[in-house]
Amino acid sequence: QVQLVESGGGLVQAGGSLKLACAASGGTLTRYLMAWFRQAPGKERKFVASITLSRGTTNYADFVKGRFTISRDNAKNTVYLQMNSLKPEDTAVYYCAGRTVVSSTYAYWGQGTQVTVSS
């Protein structure tokens, strides 16, 4: 059973940076796509970014393009989300998720990490 554990959230001022990490354990994730989602209070969960673990192909939501970077370290089974130029509207719980590249459903989710951006 794959387990995902996020870390790196916290409180930061607008314009600042944070780097989230998602450590995976319990399975071989070579053919997986890993993603970050976020959910603000009272709002739906939204896709932020994804990366394929084999080729490193990335995809971003428009609202984070140019500010956030997703990356992976396959040797450490860890996916990162570098967040720069943070805005108060980036405040949310950030979740890591994983699925196989051929699936449309994310089978694995982390518990989430809170990111708060103050103005």
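In what follows, the structure referred to is the one given above.
Cut-offs and rules
- Residues numbered from 1 in each chain as written.
- Predicted model: local features only at pLDDT ≥ 70, side-chain atom pairs only at ≥ 80, totals over all residues.
- Heavy atoms only, no water.
- Core = buried A, V, L, I, M, F, W, Y, C linked by side-chain atoms within 4.5 Å.
- Buried < 20%, exposed > 50% of the residue type's maximum accessible area, 1.4 Å probe, protein only.
- Helix = DSSP H or I, 4+ residues; strand = E, 2+ residues; numbered from the N terminus.
- Salt bridge = Lys/Arg side-chain N within 4 Å of Asp/Glu carboxyl O.
- Pairing = 2+ DSSP bridges.
- Axes fitted to C-alpha atoms, helices over the stretch in contact; angles between N-to-C directions.

With 31 residues, the main nonpolar core has Trp36, Leu81, Met83 and Tyr94 as its most contacted residues. When contributions to this core are tallied by element, the ones reaching two or more residues are strand 3 (18-25), strand 4 (32-39), strand 5 (46-52), strand 7 (68-73), strand 8 (78-83), strand 9 (92-100) and strand 11 (113-118). Counting 5 residues, the second-largest nonpolar core is a separate cluster that includes Leu33, Phe37, Ala97 and Tyr106.

We now examine the pattern of salt bridges. Note that side chains of opposite charge can pair when their charged atoms are close. By the definition in use, this model includes 3 salt bridges. In this structure, Asp90 and Arg38 form a salt bridge, with 2.8 Å as the shortest nitrogen-oxygen distance. With Asp90 in the loop between strand 8 and strand 9 and Arg38 in strand 4, this pair connects stretches of sequence that are 52 residues apart. As a salt-bridge pair, Asp62 and Lys65 come within 3.2 Å of each other at their nearest N and O atoms. Bridged by salt links that share partners, the residues Arg38, Arg67 and Asp90 form one connected network.

On the basis of which strands lie adjacent, the open sheet formed by 4 strands has the order 1-3-8-7 and antiparallel pairing. Whereas interior strands pair on both sides, the edge strands pair on one side only; in this sheet they are strand 1 (3-7) and strand 7. Here the average twist between neighbouring strands, direction ignored, is 15°. Here strand 1 pairs with strand 3 via 5 bridges, running antiparallel. Among the inter-strand pairings, Ser7 is bridged to a residue of strand 3, identified as Ala21.

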